[in-house]
Amino acid sequence: MSDQKIKNMIRGAIRRSWTYYDAVRKKAIEEATVRIPIKNAKGDNSGRFSEFVRCAHCQELFRKSEIDVDHKVPVGKGFGWPPGDDLLDWVKRLFVTEHEVLQCLCSDCHRVKTKEERQRGKRKPSDGL
Ligand SMILES: [Zn+2]
């Protein structure tokens, strides 16, 4: 197995574990949540609400399942090989403790942002492997 493949596996595993690092992500989603009253048949408020999450970029409302939590400032491509202190720095940028550095994006906006970040990143030779 190539070093690049090993590095990608490690990076992927750490990124996936962030998905389960829930408290800070939940707080970011909560902050972007909009509650819309559900009307009853007569057109009055039923006292119940539908919850949607506002995309920080396009400002449209989405269901929670359609939202990605994103780092406003990209955490970067990861770390060099063999990993040194840069691995620790990258993990610290990924596992943030302040929800303010996160934002909720719809899948489309997240895809566009990630693509732009990758293209920008490609021009930086300092990112290691
Ligand atoms: Zn969007």
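Details of the structure are given in the entry above.
Quick caveat: nothing in here was measured; it's all calculated off a predicted structure.

Rules and cut-offs
- Residues numbered from 1 in each chain as written.
- Predicted model: local features only at pLDDT ≥ 70, side-chain atom pairs only at ≥ 80, totals over all residues.
- Helix = DSSP H or I, 4+ residues; strand = E, 2+ residues; numbered from the N terminus.
- Rg over C-alpha atoms; globule rule 2.2 N^0.38 Å.
- Contact = placed C-beta atoms within 7 Å.
- Core = buried A, V, L, I, M, F, W, Y, C linked by C-beta atoms within 7 Å.
- Buried ≥ 20, exposed ≤ 12 C-beta atoms within 10 Å, placed from the backbone.
- Pairing = 2+ DSSP bridges.

Novice: Account for the overall build of the chain, naming residues and giving values.
Specialist: Within the chain one finds four helices and five strands. Reading the helices (α) and strands (β) of the chain from amino to carboxyl end gives α-α-β-β-β-β-α-β-α. The C-alpha radius of gyration of the chain comes to 19 Å, more than 25% above the 14 Å expected for a compact globule of 129 residues. Of the contacts made within the chain by residues no fewer than 6 positions apart, 65% connect residues no fewer than 24 positions apart.

Novice: I'd like to hear about the nonpolar core, residue by residue, with values.
Specialist: One finds Ala28, Ala32, Val53, Cys55, Phe62, Ile67, Val69, Leu102, Cys104, Leu105, Cys106 and Cys109 forming the largest nonpolar core, which totals 12 residues. Of all elements in the fold, only strand E4 (67-71) and strand E5 (102-106) reach the threshold of two or more residues within this core. The element best represented in this core is E5, accounting for four residues. Dropping the residues within four chain positions of it, Val69 is found in contact with Arg25, Ala28, Ile29, Leu102 and Cys104.

Novice: Go over the environment of Ala23 with me, naming the residues and quoting the values.
Specialist: Structurally, Ala23 is set in helix H2 (residues 22-31). Residue classification places Ala23 among the exposed residues on the basis of 9 C-beta atoms within 10 Å. Each C-alpha atom of the pair Ala23 and Leu87 lies 23 Å from the other, and the pair is 64 residues apart in sequence.

Novice: An account of the pairing of strand E1 (residues 33-39) is requested, with residue identities and associated values reported.
Specialist: A small share of E1 lies buried, amounting to zero of its seven residues. Relative to strand E2 (residues 45-54), E1 runs antiparallel, the two sharing six bridges. Each residue of the ladder has a partner; that of Val34, found in E2, is Phe52. Counting the residues between successive antiparallel strands, the hairpin from E1 to E2 contains five residues, one of them, Gly43, with a positive phi of roughly 90°.

Novice: Give me the lowdown on the sheet that holds E1, citing residues and values where you can.
Specialist: Through backbone hydrogen bonds, the strands of a sheet pair up, either in parallel or in antiparallel fashion. Pairing is antiparallel across the open sheet formed by three strands, whose spatial order is E1-E2-E3. Among the strands making up the open sheet, the edge pair consists of E1 and strand E3 (61-62).

Novice: Go over the environment of Gln103, please, and point to the residues and values.
Specialist: Inspection of the secondary structure assignment puts Gln103 in strand E5. Its 21 C-beta neighbours within 10 Å are what place Gln103 among the buried residues. Along the sequence, Gln103 and Asp70 sit 33 residues apart, while their C-alpha atoms lie 5.3 Å from each other.

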